Amino acid sequence: MGLVRWLLPIVCVGVLVAAPTAAPPPYYAIRDARIVPVTGSIIERGTIVLSDGLITAVGASVTVPPEAEVIDGTGLTVYPGLIDTLTTIGLPRSQRAQPSADAERSPSSPSASSQPRRPASRGPEDRPGSTPWALAADSLQAEDERVEEWRSAGFTAAVVAPSRGILPGQASVVNLAGERPGDMVVAPSVALPISLEPLERAAGFPSSLMGVLAYVRQTFLDARHGMAVEEAYEKTPRGQKRPEYDRTVEAVSQVLAERRPILLPATNRPQILRMLDFARELELNAAIYGAQGAYDVAEAVAAGKLPMLVSLKWPEQAKDADPEEDVSLRVLRFRERAPSTPAALTKAGVKFAFYSDGLATPKEVLKNVRRALDAGLTREAALRAFTQDAADIYGVGNRLGSLETGKIANVLVTEGELFDEKTKVALVFVDGQKFEPVDQPAEPDEKPTTSLASGDAERGRP
C-alpha cells in the first residue's frame, strides 16, 4: 500500500506531462466578402464563420460569435479549398514511381541499390507488383515541404496514393496541414489505383501490357471468387476446408465489397474504350485517370457512367526531343486538342476532377487550367472539378468540396477571381487553422508526381 501511495503521484505527473497541449480552438469570421459556395448561389457580400475546424455559418446575414477573430473581407473572394485528386504529396520517395524505365535501372535509384530485389515472378499466383493492403495514410510525412507549397497556392486537401507497382496501395484523402500525419487524414482509404506499366523483364511476369491486363483481370476474378468462398464458409464452416489466405485478394475483396473506386489508367481513345469495357466486364465501381484524349470519346464515357480524373499535364513535346524528329499528325492533334477535354466532358455530362500529375508547381497547374478555359471550359465547371466534384468522386463530398455549414473548414481566400493570372491567395484555412501563403521557389526540388501514366503520355504522345 505504501508503494502505491508513492507511485500514484508519479504516474499522475507522468500523465500530465505526456498529455498534448491543446491549442485553443480557432474561431474566425470573414465578413463582407464575396462568397462562392459552389453548391449554392454566389453571395456577393456575406460572412462565413469557422469554429473549431468546421464551417458553422455562411450567408448574407449571420451572427458572428463574440470570441471570433473578424477578418475584413472587403475586396476578397472566398472559395472552398482546392483538392488535387491524385498525387504523391506527403509520401516518402520509396512510394513514388520512378519517372522512366531508365531511372528504374539507374544504379543510384533506390530500387536498384538500397532495396532488396525480389525473386522474379513466375505468374499471377506470386502477386507481382502488388501491395493493395498498403494505405497512403500510414506513410504520410507531415514535414514534406510540398505540403506547404501547395497549401500556399490554395490547395487544402489532396488524394495521395503510392505509385510503385501494379497494385501499389490504397489512396487516402488528406488535409494539407497538421503537426502529425494522423492530424492530416480525412479518409484513410478512398480508392485503389491500378497501373498498367509492365514490370521490368528481370522481375519476370508480367513484363508486357497484355500480361499486366491479364494479371489485373485475374486478380479481380480471384477476389470475387474469394468473396463467394468466404461467404459460403462463414455460413457452414464445419466439415469444409477453410479458405486459403491471400493478402492481395483479401485487400482487393474489401475494396470491392465497400464499393470504393478502382482507378484505371487511360489516356487516348483506344485506351479509354478498353478501360470502359474492362470496368463493365468486371462490374467495377471505377474511375478513369489520365483522360487527356477523352475529347474524342466524351459521349462513350457518358454512356459508361464513369467519372474521370483529368491530368493537367497537357501533352507537349519533350524538352530533350530531337528538333528534326518527324511528328505525326495524330500526335500533333492530340497535343492541340487535349486541353479541350474538360469542356467536352462537361458538355457530355461526365463528372470529372483535375489532378496535377507531376507538374512541378501549383503555378503550372493553374496555368494549364487557363488553357482549358481558353478551350471552352467554364469557370464554374473548373471550380467544381477542383472542389465538390473532386470530393464526390472519392465519396467525401459530405465533408469537403463546398462552403456549407457542418463541413470541414477548408477555405481559400483570394484577391481577385480564381484562375485569373494576377489573382493572389490572401489566406488559406485548413481544418479551420489560418495560414498565410509563403513565397515558393520557381523550381522546387521535388515534383508531386504520380508517375502512373504510360511512357507515351509522359512524352506527349497519345
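Description of the structure in this document.

This paragraph deals with the overall build of the protein. Of regular secondary structure, the protein possesses 15 helices and 16 strands. Buried positions account for 50% of the 462 residues belonging to the protein. Of the roughly 22,600 Å² that the protein leaves accessible, carbon and sulfur atoms contribute 51%.

This part covers the sheet that holds strand 13 (residues 352-355). Reading across from one edge, 6-7-8-9-10-11-12-13 is the order of the eight strands in this open sheet, with mixed pairing throughout. The open sheet has two free edges, formed respectively by strand 6 (82-87) and strand 13, since each of these has just one partner strand. Taking the axes of each pair of neighbouring strands and ignoring which way they run, one obtains an average angle of 30° across the sheet. Pairing geometry for strand 6 and strand 7 (residues 155-160), over four bridges, is parallel. Residue pairing in the sheet places Thr 87 in a bridge with Val 160 of strand 7. Where helix 8 (residues 269-282) meets the sheet, it contacts strand 10 (262-266), strand 11 (286-290) and strand 12 (308-311), and its direction lies at approximately 155° from that of strand 10. Relative to the sheet, helix 13 (residues 379-386) contacts strand 6, strand 7 and strand 13, its axis offset from that of strand 13 by approximately 70°.

Right, let's talk about helix 10 (residues 329-337) for a bit. By the burial criterion, the buried members of helix 10 are Val 331, Phe 334 and Arg 335. All buried residues of helix 10 lie within an arc of 95° about the axis, which places them on one face of the element. In helix 10, the exposed positions angled more than 90 degrees off the buried face are occupied by Leu 329, Arg 330 and Glu 336. Its buried side turned inward, helix 10 meets helix 12 (362-374).

For Pro 362, the location among the structural elements is in helix 12. Along the backbone, Pro 362 and Ser 152 are 210 residues apart, and their C-alpha atoms lie at a distance of 9.1 Å. Apart from residues lying up to four places away in sequence, Pro 362 is in contact with Glu 149, Trp 150, Ala 153 and Phe 155.

The subject of this paragraph is the environment of Pro 265. Counting through the fold element by element, Pro 265 comes out in strand 10. Taking relative accessible area as the criterion, Pro 265 reaches 12% and is therefore assigned buried. Along the backbone, Pro 265 and Met 275 are ten residues apart, and their C-alpha atoms lie at a distance of 7.6 Å.

This part takes up the side chain of Asp 389. As for its position among the elements, Asp 389 is in helix 14 (residues 388-393). Owing to a relative accessible area of 11%, Asp 389 belongs among the buried residues under this scheme. Excluding its chain neighbours within four sequence positions, the residues that come into contact with Asp 389 are Lys 351, Phe 352 and Arg 384.

For the coordinates displayed, the defined rule picks out seven aromatic pairs. On the basis of an interplanar angle of 80° and a centroid distance of 5.8 Å, the ring pair of Phe 155 and Phe 386 is categorised as edge-to-face. Here the residue Phe 155 occupies a position in strand 7, and Phe 386 occupies one in helix 13, the gap between them amounting to 231 residues. Taking the centre distance of 5.6 Å and the plane angle of 70° together, the rings of Phe 352 and Phe 354 count as edge-to-face. Pair check on accessibility: Phe 352 and Phe 354 agree, each one buried. Clustering of aromatic rings is evident, with ring pairs tying together Trp 150, Phe 155, Phe 352, Phe 354, Phe 386 and Phe 419. A cation over a ring is seen here: Arg 151 above Phe 435, with NZ or CZ 4.0 Å from the ring centre.

How each quantity is defined
Residues numbered from 1 in each chain as written. Predicted model: local features only at pLDDT ≥ 70, side-chain atom pairs only at ≥ 80, totals over all residues. Heavy atoms only, no water. Helix = DSSP H or I, 4+ residues; strand = E, 2+ residues; numbered from the N terminus. Buried < 20%, exposed > 50% of the residue type's maximum accessible area, 1.4 Å probe, protein only. Areas by Shrake-Rupley, 256 points an atom, 1.4 Å probe, with all protein chains shown as cover. Pairing = 2+ DSSP bridges. Axes fitted to C-alpha atoms, helices over the stretch in contact; angles between N-to-C directions. Contact = heavy atoms within 4.5 Å. Arc of directions from axis to C-beta. Phe/Tyr/Trp six-rings, centres within 6.5 Å; stacked < 30°, edge-to-face > 60°. Lys NZ or Arg CZ within 6 Å of the ring centre and 35° of its normal.

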